[in-house]
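Geometric and topological summary
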Amino acid sequence: MFPGATTDREAASHVVVGAPLDATTTFQPGARFGPDRVRRFAETYDDYDRRTDSRFSALGVHDAGDVRPWDDVPAYLDHLAAELRSVVYDGAVPLLLGGEHTVTYAGVDAVEPDALVVVDAHLDLREAYDGNPWNHACVTRRCLDDLGVDRAVIVGARTGSEAEWDRAAEADVEVVAPADARDWLDALDGDTFADESVYCSVDVDGLDPGYAPGTGTMEPFGLEPREVRDLVRAVAPAADGFDVVEVNDRDDGQAAAVAGKLLREFVFAHAAARDDEPSE
């Protein structure tokens, strides 16, 4: 169980779901251990958050456990999306723990957002990788082309194929390089996502691998943890779903620790914004 996720499913406003898919990893495997590893390294975090003056255990979080994967990736994603859709239908926000980045497809399928905001070192805009359109390197492309997301903002991207950069030049994609991330964050205001529903996805390889080495495809010269934290805080009030993915077991817990912290930051920021909404 994710530490502090003490609410019953029926009363939950946020529901953690693990998706330990590790089917298409192209370099260092181990994403199947991500959900349990994130839960483990979140155990030491204090319940109280001074910034929002709130306690994680009081914010209506339930951990529904893992949705066990199998080798038919499209079928698994359909099943996972159905599980997440039940969370949405109950008026709660799904919090997905990966697993490889492909699981974001199921989260987006369930939430049906207008905009996808992604932290990622890679564009993930391939039509297919080694002939497989369900490879984790294709997930943002699948969300745009197959699920009808209006636009994607990819923050921290610093590598991609030539074809991916061509796709990124189209009007429905915005790429924010690591060097530009702070300026992009500083320019965000209450109107940035005012007329859109948003899904927020954090691939931990978007961070510089010096901070989060436990991931499948490390890419140097990435984001700093505070930049990703501030992005999550800024996007959470407009978001109807969140995931953190690509954590594996090939470090001493650095990637899992930051992933668990980011999930908590999302909940604190989302709940604070909800509480600030005027009552009808």
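Residues numbered from 1 in each chain as written. Predicted model: local features only at pLDDT ≥ 70, side-chain atom pairs only at ≥ 80, totals over all residues. Heavy atoms only, no water.

Notes on unusual backbone geometry
What counts here: Numbering of helices and strands runs from the N terminus, with a helix taken as a DSSP run of H or I at least four residues long and a strand as a DSSP run of E at least two residues long.
A cis amide bond links Gly98 with the next residue in sequence, Gly99, at an omega value of 10°. With respect to the helices and strands, the residue Gly99 is situated in the loop between strand E5 (93–98) and helix H3 (104–111). If you check the backbone angles, Asp53 has positive phi at about 50° while not being a glycine. Along the chain, Asp53 falls in the loop between strand E2 (48–49) and strand E3 (54–55). The phi dihedral of Phe221 is positive, around 70°, even though this residue is not glycine. One can find Phe221 in the loop between strand E9 (198–203) and helix H7 (225–235).

As for the pairing of strand E10 (residues 239–245)
Selection rule: For every residue, the accessible area (1.4 Å probe, protein chains only) is compared with the maximum for its type, and the residue is labelled buried under 20%, exposed over 50%, or partly exposed between those bounds. For two strands to be treated as a pair, DSSP must find no fewer than two bridges joining them. By the criterion used throughout, a crossover qualifies as right-handed when its path from the first strand across the helix to the second strand runs clockwise, the strands pointing away from the viewer.
By the criterion of burial, E10 is predominantly enclosed, with 6 of the 7 residues buried. Pairing of E5 with E10, which is carried by 3 bridges, proceeds in the parallel orientation. Bridge pairing in E10 links Leu95 to Phe242. Summarising the sheet, E9 and E10 pair through 6 bridges and their orientation is parallel. Pairing of Cys200 across the sheet is with Phe242, part of E10. This β-α-β element, E9 to H7 to E10, shows right-handed connectivity.

Regarding the pairing of strand E1 (residues 14–19)
Counting buried positions along E1 yields 6 of 6 residues, so the element is predominantly enclosed. With burial as the criterion, each face of E1 is covered, one bearing His14, Val16 and Gly18 and the other bearing Val15, Val17 and Ala19. With 4 bridges connecting them, E1 and strand E4 (residues 61–66) associate as parallel partners. Each residue of the ladder has a partner; that of His14, found in E4, is Val61. Pairing geometry for E1 and E5, over 6 bridges, is parallel. Counted as the bridge partner of Val17 is Leu96 from E5.

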